[in-house]
Amino acid sequence: MQDLESIRKKCAECHECELGNTRTNCVFGVGDPDADLMFVGEAPGEQEDLSGEPFVGRAGQLLDKYLYAVGIERSEVFITNILKCRPPKNRDPLPEEEDACIGFLREQVKTVKPKIIVCLGRIAAMRLIKPDFKITKEHGVWYEKGNYLMTAVYHPALLLRDPRKKEEMLVDMKVIKEKYDFLRQ
Ligand code: URA
């Protein structure tokens, strides 16, 4: 079994797609290498590309608020993205970019072995749960996939644009915390 550091090194050198030529940093992921809870977003934005850490910009700060609100420490989970490099102007990932990058996420999941995987937003849910995932209807629904329990919540960037969805997000996050506590007993 590989450790996260060797996967990180391969990721930092990756040029499997064009984004390897435009990134400042590869944004591999951050958190507890033994986390029971993993969050997977879409792709790094500008702040993430500059710092090399996922979810540190405005959306990330909102994610931190939800973690705090339900009593989860950022350092006890593992946070990463479908794409490890920033798409120019934050456009949606292209299918070929996802295909080129998804192996890193698979290796991260196999290594960290979380009990719960939470997709942050539609793009991650379509890739990890099902291709026709509808975030408005299916956020907060739970799926069993192999050894993992999976769910999706609204992407925090969407909540910044549409604050009316924040109440639903809090409900979903509270359920995530309940399941997380239950699975760790
Ligand atoms: N949005 C994402 O999906 N991921 C990040 O790391 C930052 C913003």
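Up top you'll find the structure we're talking about.
Nothing here was measured: the structure is a model prediction, and the numbers come from that model. (Residues numbered from 1 in each chain as written. Predicted model: local features only at pLDDT ≥ 70, side-chain atom pairs only at ≥ 80, totals over all residues. Heavy atoms only, no water.)

Caption draft 1: Representation of the nonpolar core. If you look at the biggest cluster of nonpolar residues, it comprises 54 residues, and the most contacted ones within it are L37, F39 and L128. Looking at this core, the element that brings in the most residues is helix α5 (residues 95–112), giving six residues. Apart from the residues lying within four places of it in its own chain, the contact partners of L37 are I72, V77, F78, P114, I116, V118, I176 and Y180. (Core = buried A, V, L, I, M, F, W, Y, C linked by side-chain atoms within 4.5 Å. Buried < 20%, exposed > 50% of the residue type's maximum accessible area, 1.4 Å probe, protein only. Helix = DSSP H or I, 4+ residues; strand = E, 2+ residues; numbered from the N terminus. Contact = heavy atoms within 4.5 Å.)

Caption draft 2: Main features of the pairing of strand β2 (residues 37–41). By the criterion of burial, β2 is predominantly enclosed, with five of the five residues buried. Side chains L37, F39 and G41 of β2 all project onto a buried face; the interleaved residues M38 and V40 project onto the opposite face, where all are buried too. Summarising the sheet, β2 and strand β4 (residues 116–120) pair through four bridges and their orientation is parallel. Of the residues in β4, the one forming a bridge with V40 is C119. (Pairing = 2+ DSSP bridges.)

Caption draft 3: Structural context of the environment of C85. Here C85 is to be found in the loop between β3 (78–81) and α5. C85 gets classed as buried once you look at its relative accessible area, which sits at 9%. Taking the C-alpha atoms as reference points, C85 and E168, 83 residues apart in sequence, are found 30 Å from one another. Beyond its immediate stretch of four places on either side in the chain, C85 contacts L19, R23, A43 and P44.

Caption draft 4: Highlighting the site of the ligand. All residues adjacent to the ligand are G41, E42, A43, E48, P54, F55, N81 and H155. In the environment of the ligand, a nitrogen atom lies 3.0 Å from a nitrogen or oxygen atom belonging to the backbone of A43. At 3.0 Å from an oxygen atom of the ligand is found a main-chain nitrogen or oxygen belonging to F55. When isolated, the ligand has an accessible area of 240 Å², and the protein chains bury 91% of it. (Near = heavy atom within 4 Å. Polar contact = N/O pair within 3.5 Å; in protein donor to acceptor, adjacent residues only side chain to side chain. Areas by Shrake-Rupley, 256 points an atom, 1.4 Å probe, with all protein chains shown as cover.)

Caption draft 5: Fine view of the packing of aromatic side chains. Applying the stated criterion to the full structure yields one aromatic pair. Seen from the ring of W142, K179 lies directly overhead, with NZ or CZ sitting 5.0 Å from the centre. (Phe/Tyr/Trp six-rings, centres within 6.5 Å; stacked < 30°, edge-to-face > 60°. Lys NZ or Arg CZ within 6 Å of the ring centre and 35° of its normal.)

Caption draft 6: Up close: the environment of K10. Along the chain, K10 falls in helix α1 (residues 4–12). A residue is classified by how much of its surface remains accessible, and K10, at 38% relative accessible area, is partly exposed. When the C-alpha positions of K10 and D132 are compared, they lie 31 Å apart, and in sequence the two are 122 residues distant. Once you skip the residues sitting within four places of it in the chain, K10 turns out to touch Q2, F104 and E107.

Caption draft 7: Geometry of the pattern of salt bridges. Scanning the model with the defined rule gives 14 salt bridges in all. In this structure, R184 and D36 form a salt bridge, with 3.8 Å as the shortest nitrogen-oxygen distance. Within this pair, whereas R184 is found in the segment after α9 (166–183), its partner D36 is found in the loop between β1 (30–31) and β2, the two being separated by 148 residues in sequence. One salt bridge connects D162 with K165, and the closest N-O pair in it is separated by 2.7 Å. Overall, D162 belongs to the buried group, its relative accessible area being 14%. Among the ionic contacts, a cluster of salt bridges with common partners joins D36, K115 and R184. (Salt bridge = Lys/Arg side-chain N within 4 Å of Asp/Glu carboxyl O.)

Caption draft 8: Spatial organisation of the packing of α1 against α5. One can describe the packing of α1 onto α5 by two numbers: an axis separation of 10 Å at closest approach and a directional angle of 170°. As judged from the angle between their axes, α1 and α5 are roughly antiparallel. The residues of α5 that touch α1, namely those facing L4, I7, K10 and C11, are F104, E107, Q108, T111 and V112. A breakdown of the residues in the contact of α1 with α5 according to their chemical character gives five nonpolar, two polar and two charged. (Axes fitted to C-alpha atoms, helices over the stretch in contact; angles between N-to-C directions. Parallel < 35°, antiparallel > 145°, perpendicular 65-115°, else oblique. Nonpolar A, V, L, I, M, F, W, Y, C, P; charged D, E, K, R; others polar.)

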